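Close look at the chain arrangement
In case you want the letters, here they are:
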There are 4 protein chains.
Amino acid sequence: MSSEVNILLIECPDELGIIARVTTVLTNHKLNMVEFHEFADEETGQFYMRTGVTGKLDRIAVEKDIAAVLPTGASFRFVNNIRKKVVIMVTKETHCLGDLLLRHYTNNIDMDILGVIGNHPDCKELTEKFDIPWFEISHKGIERAEHENLIIQKIKELGPDYILLAKFMRILSPEFVAEFPNRIINIHHSFLPSFIGANPYRQAYNRGVKIIGATAHIVNNDLDEGPIIYQDVTRVDHSHSAVEMSRAGRDVEKNVFTEGIKLVLKDRVFVKNNRTIVFA
Amino acid sequence: MSSEVNILLIECPDELGIIARVTTVLTNHKLNMVEFHEFADEETGQFYMRTGVTGKLDRIAVEKDIAAVLPTGASFRFVNNIRKKVVIMVTKETHCLGDLLLRHYTNNIDMDILGVIGNHPDCKELTEKFDIPWFEISHKGIERAEHENLIIQKIKELGPDYILLAKFMRILSPEFVAEFPNRIINIHHSFLPSFIGANPYRQAYNRGVKIIGATAHIVNNDLDEGPIIYQDVTRVDHSHSAVEMSRAGRDVEKNVFTEGIKLVLKDRVFVKNNRTIVFA
Amino acid sequence: MSSEVNILLIECPDELGIIARVTTVLTNHKLNMVEFHEFADEETGQFYMRTGVTGKLDRIAVEKDIAAVLPTGASFRFVNNIRKKVVIMVTKETHCLGDLLLRHYTNNIDMDILGVIGNHPDCKELTEKFDIPWFEISHKGIERAEHENLIIQKIKELGPDYILLAKFMRILSPEFVAEFPNRIINIHHSFLPSFIGANPYRQAYNRGVKIIGATAHIVNNDLDEGPIIYQDVTRVDHSHSAVEMSRAGRDVEKNVFTEGIKLVLKDRVFVKNNRTIVFA
Amino acid sequence: MSSEVNILLIECPDELGIIARVTTVLTNHKLNMVEFHEFADEETGQFYMRTGVTGKLDRIAVEKDIAAVLPTGASFRFVNNIRKKVVIMVTKETHCLGDLLLRHYTNNIDMDILGVIGNHPDCKELTEKFDIPWFEISHKGIERAEHENLIIQKIKELGPDYILLAKFMRILSPEFVAEFPNRIINIHHSFLPSFIGANPYRQAYNRGVKIIGATAHIVNNDLDEGPIIYQDVTRVDHSHSAVEMSRAGRDVEKNVFTEGIKLVLKDRVFVKNNRTIVFA
């Protein structure tokens with residue numbers, strides 16, 4: 001997909017003829033559709049569409065014409081098929097961060113990393129190896145609200161499209177999340193069955209699970225809940241100690257996080273209530 | 001997807017505005033699109049589209065209008081979203097046949113089995129357990145052309161949409177294949193690396209492969225080549241004997257064959273040259 | 001593995017030299033080890049061993065010598081590498097039952113099916129197609145204890161090694177389970193995250209999960225808990241309705257159940273507390 | 001597994017009683033087996049064993065006793081369960097190298113990287129970010145034999161246990177390979193079906209394959225053949241351009257290479273003829 005592609009994203013109540021009207025507008029403006037996905041959700045009556053177009057885009061004119069053919073309650077926007085800007089937040093673990101830094105360095109992921117914010121110093125060295133700005137904002141000796149405010153301020157100063165929680169281990173308040181709706185991506189271990197509470201890998205070990213997994217999701221309420229973007233699993237067996245399960249878990253976390261981020265970066269993810277529509 | 005869905009399939013040279021024009025026709029006829037896939041192949045300049053529509057279909061009128069908006073060289077057709085009719089061909093092995101018969105019996109696959117044709121008697125009993133007509137057409141004592149003619153005659157008499165080679169172990173002549181273009185589905189073992197010649201499981205064993213696979217494909221020339229519909233693999237290791245590899249291979253063959261058939265039955269597969277476009 | 005293989009299974013407290021002493025006994029009796037797995041669980045201090053031996057087995061003499069070299073608290077037994085006997089229990093769904101019947105018919109699973117017990121008539125026809133005895137024991141109009149007693153009586157009359165719950169949808173009482181300790185195998189859907197309560201596929205749909213799974217496990221307490229034997233998952237997306245998720249779930253249930261049963265039939269599964277050691 | 005574990009590796013003609021005799025020697029020396037794998041290959045009559053032992057190892061005494069109980073033609077050795085030393089060879093691509101450097105930095109792989117040898121300068125910067133010695137040995141202007149000799153000299157100077165070809169794109173001569181028998185690990189793309197010759201991703205695209213894979217293998221003759229250690233695949237479809245297939249291929253190459261290396265580093269891989277026995 002060349003860089004001149006513009007992505008049109010539409011969400012609106014479903015009704016007869018939306019695709020016809022929108023694509024007629026695009027055609028009238030000599031825009032050629034090179035990608036097209038739509039989904040009409042029978043449950044909610046909502047319509048979703050993502051299309052990539054090539055051709056000279058007179059955005060104001062096209063947006064005016066599209067607005068005219070969409071039903072009341074529609075939202076839509078064009079996004080340039082350009083690299084997104086992200087801020088990464090970490091605590092101590094480096095496995096998810098490292099994979100992102102490396103892909104960024106080798107130009108294997110379409111994003112610019114504006115900076116890495118850590119509440120511990122552990123990830124500083126790795127971040128700086130790749131010449132990415134490091135911001136240490138410790139939570140020590142201050143209230144949570146104050147700590148979060150410092151982070152919010154720094155994020156706003158940097159101005160990212162998305163905030164990537166690469167094993168940031170503090171629970172974010174609803175106030176923090178409300179600042180960046182549907183723009184915070186988290187990675188969470190997950191198991192069959194799932195385990196609540198401390199040390200899930202120990203619990204998984206005790207239960208003798210045979211697969212362990214990870215879930216990349218949007219943060220819109222609790223840290224470990226929220227609309228799911230991507231999931232995967234890996235096999236373990238009785239000979240895996242709790243530590244080895246945790247190591248296997250880190251590998252699957254890393255891969256799932258990166259896959260989930262890639263989907264978000266390409267504007268393939270719509271969020272509705274606690275659910276995603278992912279045009280993979 | 002309810003049974004009143006009609007599927008529109010289009011293949012034509014790509015040009016600006018096809019989607020807009022076609023969807024406008026559909027909307028004018030009060031047809032609501034509930035599924036939509038398209039692909040514009042930059043390599044070949046060919047455009048493919050599959051859409052499922054609900055609403056009262058005045059087929060003659062709609063087809064006339066669609067024909068009027070498509071470029072020269074276009075082919076298109078409506079297919080009812082109904083159960084397809086198939087004939088299954090077998091030799092001795094029952095694993096692929098059995099899975100199809102069982103899914104058919106439990107109403108877990110959208111096809112009617114008009115009959116099973118075998119060149120050996122081995123699959124007769126299983127077929128008849130499920131009250132499916134069995135036709136034994138032995139190749140013994142007759143020339144290949146004569147044998148194939150007997151099969152062609154029987155197939156034409158039965159009138160299926162597709163012919164499923166569920167481990168039919170004789171090579172089909174180009175003449176046979178030409179009778180049913182893009183309508184014969186085969187299942188073939190496959191390996192990394194691939195092995196030519198007799199006893200591939202023995203070769204795979206000798207080479208110590210760690211995964212073995214299977215490929216479901218359209219037959220349009222050689223028995224084991226042709227446009228690929230679906231593939232999958234399974235893990236093996238040094239402790240698998242050649243016989244056990246073969247057993248593991250049968251399980252993956254069975255699953256891949258069924259998945260490939262499901263895609264064909266739902267008209268999700270376009271064929272162009274030696275390649276498929278699969279709207280999964 | 002030829003039919004003359006005998007499997008020796010040992011479980012005992014771990015201590016120095018067990019393998020040496022046991023294998024020396026086997027060698028003294030001219031028994032050749034063709035398979036060997038062991039696991040010393042550091043957590044529990046328990047030792048597990050499974051070895052397949054060929055050669056003429058004077059069982060009484062060998063067992064006497066092995067008993068003499070094992071620590072106090074050891075349990076061990078020889079099992080012939082023969083087909084196990086099973087009874088299958090069902091309610092209405094046929095997908096797991098059908099796969100077992102088909103594999104049994106095509107000699108693709110090493111077990112004899114002594115009979116199928118159903119509390120509804122739905123699976124009768126399929127069972128009888130394969131000439132397997134069908135026993136309908138309805139729960140209607142009787143107390144649970146009485147119903148379970150009728151089933152227990154029938155199972156004891158048939159005398160299986162294992163009881164396979166192929167979508168038997170009634171919760172078994174602790175009394176029932178206590179009759180067949182570690183001999184009841186169940187299949188259970190499972191999800192990331194997991195869902196408690198009614199209609200898990202609907203809950204999974206609402207949550208927008210991207211993979212759904214299944215777990216084969218030993219029943220030793222609750223119906224859907226117990227030591228895990230085998231697990232696997234399959235991918236779904238937003239376009240899967242709750243019904244389609246359920247269909248995808250049935251396929252993964254079927255495959256996981258069969259894989260789990262195969263492991264049990266080959267005596268590869270040890271149970272300790274709520275955990276398994278699986279020598280796959 | 002703690003660092004005091006020693007691994008005993010045995011390969012010899014199979015005969016009755018080997019396990020008993022060897023484990024008796026180990027027990028007599030108060031060595032406790034914490035891991036144990038064996039395989040008797042019926043095809044070749046060869047016996048393989050890998051066991052991890054804890055306890056004070058008087059290596060000379062134990063080796064003498066083990067030698068005394070093994071049949072003629074046996075080879076065996078103890079390896080400390082310590083980090084192996086490796087040299088990595090690269091050409092231009094960074095995806096496999098980067099993953100190894102990152103895992104090394106985060107202490108997530110048990111090896112020391114003595115240096116990276118490149119015949120192009122492309123990987124210099126990434127290597128030096130991680131403070132690993134970089135050696136550029138260009139092939140320009142010199143004969144292949146001379147170039148290989150320079151590399152051999154450098155490798156011998158560094159003294160690694162293994163040489164990892166992380167996308168080293170030059171074919172190694174039999175003379176080079178003979179210098180390091182069974183000690184060179186390579187990563188190779190692989191496909192179903194497999195493609196010979198230039199630009200395999202283009203060929204795979206033209207053929208419309210639905211999965212692409214990678215193979216980690218020992219180099220003992222041709223660059224892209226040799227005993228297979230580990231394999232895996234990833235899914236692609238018609239919408240993947242040849243370039244995107246290549247990108248997906250790089251991810252699977254990276255993961256497969258790392259998994260294969262981990263198996264080698266833990267001495268889990270035996271090589272016999274063109275086949276491996278992998279005690280995973």
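So, here's what we can say about the structure. In this convention, every chain numbers its residues from 1, walking through the sequence in written order. Whichever chain is written first is A, and whichever ligand is written first is 1; the rest continue in order. Thresholds applied to this predicted model are a pLDDT of at least 70 for local features of residues and 80 or more for the giving and counting of side-chain atom pairs; totals over whole chains, interfaces and linings are not thresholded and use all residues. As a convention, hydrogens and water are excluded, and side-chain values are obtained from all of the structure's heavy atoms.

**What about the sheet that holds strand β4 (residues 75-80) of chain B?**
Whenever strands of a sheet pair, they do so through backbone hydrogen bonds, lying parallel or antiparallel. All names here are of chain B. Applied cut-off: Note on pairing: two strands pair once DSSP finds at least 2 bridges between them. Starting at the N terminus, helices and strands are each numbered in turn, a helix being any DSSP run of H or I of at least four residues and a strand any DSSP run of E of at least two. Lines fitted to C-alpha atoms define the axes here, with helix axes fitted over just the stretch in contact, and angles between the N-to-C directions of these axes take values from 0 to 180 degrees. When checking whether two residues touch, look at their non-hydrogen atoms; a contact exists if any pair is within 4.5 Å.
One open sheet holds the four strands; their spatial order is β2-β3-β1-β4, and the pairing between them is antiparallel. The open sheet terminates on both sides in strands that have one partner only, identified here as β2 (32-41) and β4. Neighbour-to-neighbour, the strand axes of this sheet turn through a mean angle of 10°, independent of strand direction. The sheet contact formed by β2 and strand β3 (residues 46-54) spans nine bridges and is antiparallel. The partner of F39 across the bridge, within β3, is Y48. Taken strand by strand, helix α2 (residues 59-69) contacts β1 (6-13) and β4, and its axis lies near 155° from that of β4.

**Considering the nonpolar core**
Put simply, the rule is: Only buried residues count toward a nonpolar core, which is a set of Ala, Val, Leu, Ile, Met, Phe, Trp, Tyr and Cys residues joined through side-chain atoms within 4.5 Å. Each residue is placed in one exposure class: buried if its accessible area under a 1.4 Å probe, protein chains only, is under 20% of its type's maximum, exposed if it is over 50%, and partly exposed if it falls in between.
I88 and L164 of chain B together with I88 and L164 of chain C are the most contacted members of the largest nonpolar core, which has 73 residues in total. Core analysis: the next-biggest nonpolar cluster, separate from the first, contains 72 residues, I88 and V271 of chain A together with I187 and I261 of chain D among them.

**Section: unusual backbone geometry**
In this model, N273 of chain A sits at a positive phi of 55°, which is unusual for a non-glycine residue. Taking relative accessible area as the criterion, N273 of chain A reaches 59% and is therefore assigned exposed. The backbone phi angle of D267 of chain B is positive, close to 55°, even though this residue is not glycine. With respect to the secondary-structure elements, D267 of chain B resides in the loop between α8 (242-265) and β12 (269-272). Under the relative-accessibility criterion, D267 of chain B is labelled buried at 6%.

**A short note on the relation of the copies chain D and chain B**
Spelled out, the test is: Only residues with pLDDT of at least 70 in both copies count here: their C-alpha atoms drive the least-squares fit that superposes the copies.
Of the two same-sequence chains, chain D is brought onto chain B (RMSD 0.0 Å, axial shift 0.0 Å) by a rotation of 180°. Look at the turn and shift together and you get a two-fold axis relating the two. Here 100% of the contact residues of chain D are again contact residues in chain B; the copies associate through an equivalent surface.

**Some remarks on the relation of the copies chain C and chain A**
Overlaying chain C on chain A yields an RMSD of 0.0 Å, the required transformation being a rotation through 180° with an accompanying axial translation of 0.0 Å. An overlap of 100% is found between the interface residues of chain C and their copies at the interface of chain A, pointing to a shared contact surface.

**Regarding helix α1 (residues 18-28) of chain B**
Residues and elements named next belong to chain B. With eight of eleven residues buried, α1 lies mostly within the body of the structure. Buried residues of α1: I18, I19, A20, V22, T23, V25, L26 and T27, and no others. K30, located one to two residues past α1, shows a positive phi value of around 60°.

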